[in-house]
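Descriptive analysis of the structure
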Amino acid sequence: MPDDEPSSQQDRDGALPLASKEGSGSSGQRAVPAAMESVAEAEVTADASTSRASPLGRLGRPLNWRSPFLIAAMATAGIAVTYAVIQLLVLAAPVLLLIGIALFLAVGIEPAVAWQVRHKVPRWAGVLIVMLIVLGAVAGFIAVALPAVINQGQQLVTDVPTYLKDAQDKNTFIGGLNEKIGLQDKITSLLSSADNGIAGGLLTAGVAVFSAVTDGLIVMVLTVYFLVDMPRIRALIYRLFPHSRRPRAILIGDDILRKVGAYVLGNLLVSLIAGVLTFGWLLIFGVPYALLLAILVALLDLVPVVGSTIAGIIVALVALTVSLPVCLATIGFFIVYRFLEDYLLIPRIIGRAVDVPALVTVVAVLIGAALLGVIGALVAIPFAAALLLLAREILFPRLDQI
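Residues numbered from 1 in each chain as written. Predicted model: local features only at pLDDT ≥ 70, side-chain atom pairs only at ≥ 80, totals over all residues. Heavy atoms only, no water.

1. Comments concerning the overall build of the protein chain
Under the convention used in this document: Each helix is a run of DSSP H or I of at least 4 residues and each strand a run of E of at least 2, with the numbering of both proceeding from the N terminus. Using a 1.4 Å probe on the protein chains alone, a residue whose accessible area is under 20% of its type maximum counts as buried, one over 50% counts as exposed, and one in between counts as partly exposed. Residue contacts follow a heavy-atom distance rule, with two residues in contact if any of their heavy atoms lie within 4.5 Å. Only the protein chains shown count as cover for residues, and all accessible areas are computed by the Shrake-Rupley method using a 1.4 Å probe.
Regarding its fold elements, the protein chain presents 15 helices and zero strands. Across the 402 residues in the protein chain, those meeting the buried criterion constitute 26%. By sequence separation, contacts in the protein chain at least 24 residues apart represent 61% of the contacts at least 6 residues apart. In the structure as shown, the protein chain presents an accessible area of about 27,200 Å², 72% of it carried by carbon and sulfur atoms.

Dropping the structure here:
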């Protein structure tokens, strides 16, 4: 009975006897039992390969990427996969932009949270403290600035008839300007052409405000999540590098994160200084809407290179309603401030950390603004700093060895 011994042995093992017994039929019925035997053997091997260190078994051999089949498959599917990925990125671009902004802000706020963690504060408590400070600062700013902005906006509406009257007086500066270029006629034509679209414009403005508020809330929530999980995100990114290259990747990556954080906090401080100095200047010379214009300057100054220039032009035009000398003095103030900001404030506050040459800064801001608008201009400098660091640490040494 030699043929019965394997069968009895399989009966004692448990799962295999069923496959053996069912396999005694015709050849058309033996395909399923053979598959069951193969799976059963694999299960036995899987049970034997588990351990406390590797509960899911050891890694198998890597794929042979030089295999003709894999080469052909990659070459065939490459174009289709690339096209599908591009289409997905285009469709998800608005959401990806919000995620990118939140991650950028989280990296910028991370130094404040990390400082608290180093002083024995739990990370969740550090994130909560930082977010409460940020929300408190925003709420306090709105509480202080909103009444003044409303009052100055009402004053602007009240003063419009006076400006129109001055525009008809040839003895005033505005009147002379109106006579030369027909300023009043152009404004009247613009307003009359816009009468039919007022309702649509208000609806569009309402949708834009709602969208901005919604996007702001999404960014704030994502920023909190990123801050809480920043150590895990950092560890996950570094685990994508091979073990032999991981220490150097950590050093370079942490340096990039420090540059981004220094840029975000430094840019906020420089913009705050710009707004405060502008507010003081406008109060001294009696330029109307001082607080409103100072807030505008602080917001526009966040945009590198071109932000303060655009803000200066707007403020100078408003100062022109006071007198021509005040307008010229305001232009001089912004020229001097721009010089001090570029050569004193930025080098001392963020220049040493970011370390980006002036030419690279201008080119990066222009490219970023062309690709992503204001958001692109804001993130262009730290992105350029990261690329320069990678080039200095990886690309140039490799090229020098060739």
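2. With respect to the side chain of Gln116
The topology assignment puts Gln116 in helix α5 (residues 93-118). On the basis of relative accessible area, Gln116 is assigned to the buried category, the value being 9%. Apart from residues lying up to four places away in sequence, Gln116 is in contact with Val121, Gly126, Ile129 and Val130.

3. Regarding the packing of aromatic side chains
Test applied: Whether two aromatic rings pair depends on their centres lying within 6.5 Å, for rings of Phe, Tyr and Trp, where Trp uses its six-membered ring; planes under 30 degrees apart make the pair stacked, over 60 edge-to-face, and the rest tilted.
In total, this model carries three aromatic pairs according to the counting rule given. For the ring pair Trp281 and Phe285, a centre distance of 4.4 Å and an interplane angle of 35 degrees mean the geometry is tilted. Geometrically, the ring pair formed by Phe333 and Phe334 is edge-to-face, given 5.2 Å between the ring centres and 80 degrees between the ring planes. As far as burial versus exposure is concerned, Phe333 and Phe334 are alike and both buried. In textbook terms, an aromatic cluster arises when at least three aromatic residues are bridged by ring pairs, as seen for Trp281, Phe285, Phe333 and Phe334.

4. Observations regarding the environment of Met230
By the secondary structure assignment, Met230 is in helix α10 (residues 230-239). A relative accessible area of 9% means that Met230 is categorised as buried. Separated by 120 residues in the primary sequence, Met230 and Glu110 have C-alpha atoms spaced 8.1 Å apart. Look past the residues within four positions of Met230 in its chain and what remains in contact with it is Ala106, Val107, Glu110 and Arg123.

5. A word on the nonpolar core
Quick note on the threshold: Remark: nonpolar core denotes a set of buried residues (Ala, Val, Leu, Ile, Met, Phe, Trp, Tyr, Cys) joined through side-chain atoms within 4.5 Å.
Counting residues in hydrophobic clusters, the biggest one holds 32 residues, and the most contacted among them are Val113, Leu227, Ile256, Val260, Tyr263, Val354 and Ile381. Only α5, α6 (123-168), α9 (198-228), α11 (246-284), α14 (324-354) and α15 (358-401) provide two or more residues apiece to this core. It is α15 that contributes the most residues to this core, nine residues altogether. In contact with Val113, not counting residues within four places along its chain, are Arg123, Gly126, Val127, Val130 and Leu227. With 18 residues, the next largest nonpolar core counts Val287, Val297, Ala319 and Leu345 among its residues.

6. With respect to unusual backbone geometry
Phi angles above zero are rare outside glycine, and Lys120 is one such case at about 70 degrees. On the secondary structure map, Lys120 appears in the loop between α5 and α6.

7. Here we look at the packing of helix α12 (residues 290-300) against helix α13 (residues 307-319)
Heads up, the condition is: The convention used is that axes are lines fitted to C-alpha atoms, helices contributing only their stretch in contact, and that angles between N-to-C directions extend from 0 to 180 degrees. For this classification, under 35 degrees means roughly parallel, over 145 means roughly antiparallel, 65 to 115 means roughly perpendicular, and everything else is oblique. In this scheme the crossing of two helices becomes right-handed for a clockwise turn of the near helix relative to the far one and left-handed for an anticlockwise turn of less than a right angle.
Between α12 and α13, whose axes approach to 8 Å, the crossing angle comes to 165 degrees. With respect to α13, the axis of α12 lies roughly antiparallel. Relative to α13, α12 is oriented so that their crossing is right-handed. Facing Leu293, Leu296, Val297 and Leu300 of α12, the residues of α13 in contact are Gly307, Ser308, Ile310, Ala311, Ile314, Val315 and Val318.

8. Section: α5
To keep things clear, this is the line we draw: To estimate how far a helix should reach, multiply one less than its number of residues by 1.5 Å. Bend at a given residue is defined as the angle between two axes, one fitted to the seven residues that end at that position and one fitted to the seven that begin there.
Here α5 contains 26 residues, and its C-alpha end-to-end distance of 37 Å stays within 8% of the 38 Å for a straight helix at 1.5 Å per residue. Roughly 40 degrees is the biggest bend found in α5, and it falls at Ile109, with proline Pro111 one to four residues downstream.

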